[in-house]
Amino acid sequence: MTEVTLRPWREGDENSIARYADNAKIAANLRDVFPWPYSRQDAVDFVAGCVQNEGRGQLCRAIVVDGEAVGSISLTLGSDVYRRSAELGYWLGKPFWGRGIMTAAVTAMCREGFGTLDIVRIHAEPFARNAASRRVLEKAGFTLEGTLRQSVYKNGEMLDSCIYALLREEMP
């Protein structure tokens, strides 16, 4: 497996992120806030937002392979009655798919989240048709809690999504 590092975002990551994020297959499996096409300005705005929001209810990390930022992973704290939970979100550049990189990144991010945040639960909500993302979560120890039928409207169609969760005491 390829060695994976997670680190805070920094100036200079914009070019590689713009290159890897500009992929319709990635955008098709993410929320609409993730643009497609993905421009260099989108990357500039994203990196700046991650830097500014660090420690403000969010952990956002660059997924680094061979010294280059090739994807993103984040934990966003819930609020109100969900304040002891965090939502996990991630994407990875297509050239790096199928190499165990995302499973390693998810595991590392969950370990960091449970170690630094006052949370007991991390959850993720992949689209039901995204078998690769679902498998990443399962390999990282997450449990499928349920399917939300026709819960997502993406690219003109209604899709199911799945709720996966990992509790602090289940961390591998």
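Residues numbered from 1 in each chain as written. Predicted model: local features only at pLDDT ≥ 70, side-chain atom pairs only at ≥ 80, totals over all residues. Heavy atoms only, no water.

As annotated in an unreviewed UniProt entry, the chain is GNAT family N-acetyltransferase from Candidatus Oscillibacter excrementigallinarum. Under Sequence similarities (unreviewed entry), UniProt gives the following word-for-word description of the chain: "Belongs to the acetyltransferase family. RimJ subfamily." (UniProt positions renumbered as here; feature names shortened; annotations may be inferred.)

A. Here's a closer look at the sheet that holds strand β2 (residues 58-65). With mixed pairing, seven strands are arranged side by side in an open sheet as β1-β2-β3-β4-β5-β7-β6. In this open sheet, the two strands that pair with only one neighbour each are β1 (5-8) and β6 (143-154). Neighbour-to-neighbour, the strand axes of the sheet open up by a mean angle of 30°, direction not taken into account. Sheet topology places β6 next to strand β7 (residues 157-167); eight bridges connect them, and they run antiparallel. For Lys-154, the partnering residue across the bridge sits in β7 and is Glu-157. (Pairing = 2+ DSSP bridges. Helix = DSSP H or I, 4+ residues; strand = E, 2+ residues; numbered from the N terminus. Axes fitted to C-alpha atoms, helices over the stretch in contact; angles between N-to-C directions.)

B. Broad picture of the state of the cysteines. This model, assessed by the stated rule, comprises zero disulfides. No disulfide involves Cys-110; its sulfur sits 14 Å from the nearest other cysteine sulfur, which is in Cys-60. (Disulfide = S-S within 2.5 Å.)

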